[in-house]
Amino acid sequence: MIDLFAGCGGLSEGFRSTNLYRPMAAVEVDLFAAATYAANFGEDHVHYGDIADWVKGDLPDADVVVGGPPCQGFSNLGAKREDDERNELWERYVDTLVKVRPKAFLLENVDRFLRTRQFRELVSQFENNGELADYNYDVKVLKATDLGSPQLRRRAIVIGTRKDFDKIPIPSTEVSVAAWKTVKHALGDLEPRIPQGRVDLPKEREYSVFGRTVPGVYTAADLHITRNYTELSQQRFSAIPTGGNRFDLPEQLKAPCWKKHTTGSGDVMGRLVWSKPSVTIRTEFFKPEKGRYLHPDENRALSHLEAARLQGFPDNFKWCGTKLEIARQIGNAVPVELAAALARHIAACLRST
Ligand SMILES: C[S@@+](CC[C@H](N)C(=O)[O-])C[C@H]1O[C@@H](n2cnc3c(N)ncnc32)[C@H](O)[C@@H]1O
């Protein structure tokens, strides 16, 4: 497999965990994410740099190409600038497909991607004379919970298949809510209490990679860290019951802006529930004011370890970068279980042709 926009390697980890795939190349422009990737999958096949440069070179053979072209430009969150240059990164993805001609490819993105001009342009490439005319494709929005993840994350999935193979359909995956994995499955065995003041990654650890030095590597125990909260924050957290949110706060504990906004997101300052899946783990999961990130029992947000677990990363996964960088890598990743389920599905379909 080839992993484009590889990040820390959520997709690669899911594919590797099936024992059916081996990464032949990975491309990532962010030093800390590329370092994490290299620490886990080896430095030799990682291109740390811009995909636009990599795709011009000699590319290795691969059966499957995977990746999610960055989506900030058309995500529901943040600025929606139509001319955002990053939107055009999907074209580098297509350039890779044209050069490598894999048997199949997996492209994932936010669900809104399917309503963008970029998606329409991608789809037009499958028509006669298009760059992907020798591929079929299927597309659907999947819920990670339906594929074994304890997280309610929705992802738009496109699977393309070269026309000399039977078209691989997106798996139909609806499972009953009762079968969903929960926060308890992911975190139930972890020590919930984090000692007061355990807020930093271990200092003076260095990892040399790509001729550079980055903080790391860190594994599970290092990542079970919290933040120093103010007295007011702690009072607020303790007023929020399991499953509750900012609307449960008494007047005197509400922030002025929350008093004005009496409707809106029920996730702000929300508390997770042991018996349900988590909400989508985003890059700021350590800030309770950004979503439903309060621990089910403790008066704190999720630790980095808990967020990594909810994203499906094994405890022996190695992480590089600052606390903030690692949070970004975790939040940007594809849930490992979702990737693994799709990896098995693609392999089974290719084999049956
Ligand atoms: C959503 S993240 C990928 C997550 C990854 N699929 C996973 O499962 O862990 C997108 C990544 O694309 C990288 N990226 C953005 N622009 C790039 C470029 N021009 N070339 C290579 N990588 C790029 C970003 O640094 C980011 O790590």
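Residues numbered from 1 in each chain as written. Predicted model: local features only at pLDDT ≥ 70, side-chain atom pairs only at ≥ 80, totals over all residues. Heavy atoms only, no water.

Draft legend 1. Inspection of the side chain of Thr280 at higher detail. Tracing the backbone shows Thr280 in the loop between helix H9 (256-260) and helix H10 (304-310). Overall, Thr280 belongs to the buried group, its relative accessible area being 16%. Polar side-chain contacts of Thr280 include one of 3.1 Å to the backbone oxygen of Leu152. (Helix = DSSP H or I, 4+ residues; strand = E, 2+ residues; numbered from the N terminus. Buried < 20%, exposed > 50% of the residue type's maximum accessible area, 1.4 Å probe, protein only. Polar contact = N/O pair within 3.5 Å; in protein donor to acceptor, adjacent residues only side chain to side chain.)

Draft legend 2. Spotlight on the confidence of the model for the protein. Residues at a pLDDT of 70 or more form 95% of the protein, whose mean pLDDT is 93. Across residues 75-80, confidence stays below pLDDT 50; counting only partners more than four residues off in sequence or on other chains, it has 11 contacts. (pLDDT = per-residue confidence, 0-100. Contact = heavy atoms within 4.5 Å.)

Draft legend 3. Representation of the site of the ligand. Around the ligand, 18 residues are found, and the nearest of them are Gly10, Glu28, Asp50, Ile51 and Val334. Ile51 places a polar main-chain atom, nitrogen or oxygen, 2.9 Å from a nitrogen atom of the ligand. Starting from 600 Å² of accessible surface for the ligand in isolation, the protein chains cover 88%. Residue composition of the shell around the ligand, grouped by class: 10 nonpolar, five polar and three charged. (Near = heavy atom within 4 Å. Areas by Shrake-Rupley, 256 points an atom, 1.4 Å probe, with all protein chains shown as cover. Nonpolar A, V, L, I, M, F, W, Y, C, P; charged D, E, K, R; others polar.)

Draft legend 4. Geometry of the side chain of Glu306. Inspection of the secondary structure assignment puts Glu306 in helix H10. There is a polar contact of 2.8 Å between the side chain of Glu306 and the backbone nitrogen of Ser303. Among residues more than four places away in sequence, those in contact with Glu306 are Leu187, Leu190, His224, His295, Arg300 and Ala301.

Draft legend 5. Main features of the pairing of strand S5 (residues 104-109). In terms of residue burial, S5 counts as a mostly covered element, since six of its six residues are buried. Bridge count between strand S4 (residues 64-67) and S5: four bridges; the pairing is parallel. Pairing of Val66 across the sheet is with Leu106, part of S5. When S5 meets strand S7 (residues 154-162), the two strands line up antiparallel, connected through six bridges. Residue Ala104 lies in a different strand from S7, and its bridge partner there is Thr161. (Pairing = 2+ DSSP bridges.)

Draft legend 6. Structural detail: the sheet that holds strand S10 (residues 319-320). Taken in spatial order, the three strands make up an open sheet running S8-S9-S10, and their pairing is antiparallel. The strands lining the two open edges of the sheet, one partner per strand, are strand S8 (206-209) and S10. In the sheet, S8 pairs with strand S9 (residues 212-218) via four bridges, with the strands oriented antiparallel. Across the sheet, residue Tyr207 finds its bridge partner in S9, namely Val214. The strands that helix H2 (residues 31-41) touches are S8, S9 and S10; relative to S9, the one it contacts most, it runs at about 60°. (Axes fitted to C-alpha atoms, helices over the stretch in contact; angles between N-to-C directions.)

Draft legend 7. A look at the packing of aromatic side chains. Here the structure, examined in full by the defined rule, presents 14 aromatic pairs. Here the aromatic rings of Phe313 and Phe317 are separated by 4.7 Å at their centres, their planes lie at 50°, and the arrangement is tilted. In this pair, the class of Phe313 matches that of Phe317, namely buried. Pairing Phe313 with Trp319 gives two aromatic rings, centres 4.9 Å apart and planes at 75°, and the pair type is edge-to-face. The class for Phe313 is buried, based on a relative accessible area of 3%. The exposure class of Trp319 is buried, given its relative accessible area of 2%. (Phe/Tyr/Trp six-rings, centres within 6.5 Å; stacked < 30°, edge-to-face > 60°.)

Draft legend 8. Inspection of the state of the cysteines at higher detail. In this structure the tally under the stated criterion is zero disulfides. Free of any disulfide, Cys320 has its nearest neighbouring cysteine sulfur in Cys8, separated by 11 Å. (Disulfide = S-S within 2.5 Å.)

Draft legend 9. Quick peek at the domain arrangement of the protein. Split into domains, the protein comes out as domain 1 (2-175 + 335-352) and domain 2 (184-332). Between the C-alpha centres of domain 1 and domain 2 there is a distance of 27 Å. Listed as interface residues are 28 residues of domain 1 and, on the opposing side, 29 residues of domain 2. Where domain 1 abuts domain 2, roughly 2400 Å² becomes buried across the two surfaces, and 61% of that area is made up of carbon and sulfur atoms. Per-residue buried area on domain 1 facing domain 2 is highest for Phe32, Pro150 and Arg153; these three make up 23% of the total on that side. Between domain 1 and domain 2 we count zero salt bridges in total. Viewed at the interface, domain 2 and domain 1 are joined by 15 residue pairs in polar contact (both at pLDDT 80 or more). Of all elements in the fold, only helix H1 (10-17), H2, strand S3 (46-48) and helix H12 (336-352) reach the threshold of two or more residues within the side of domain 1 that touches domain 2. Element by element, the count of residues in the side of domain 1 that touches domain 2 is highest for H2, at 10 residues. Residues of the side of domain 1 that touches domain 2, tallied by class, amount to 16 nonpolar, seven polar and five charged. (Domains from an automatic or database assignment. Buried area = accessible area lost by both parts, 1.4 Å probe. Salt bridge = Lys/Arg side-chain N within 4 Å of Asp/Glu carboxyl O.)

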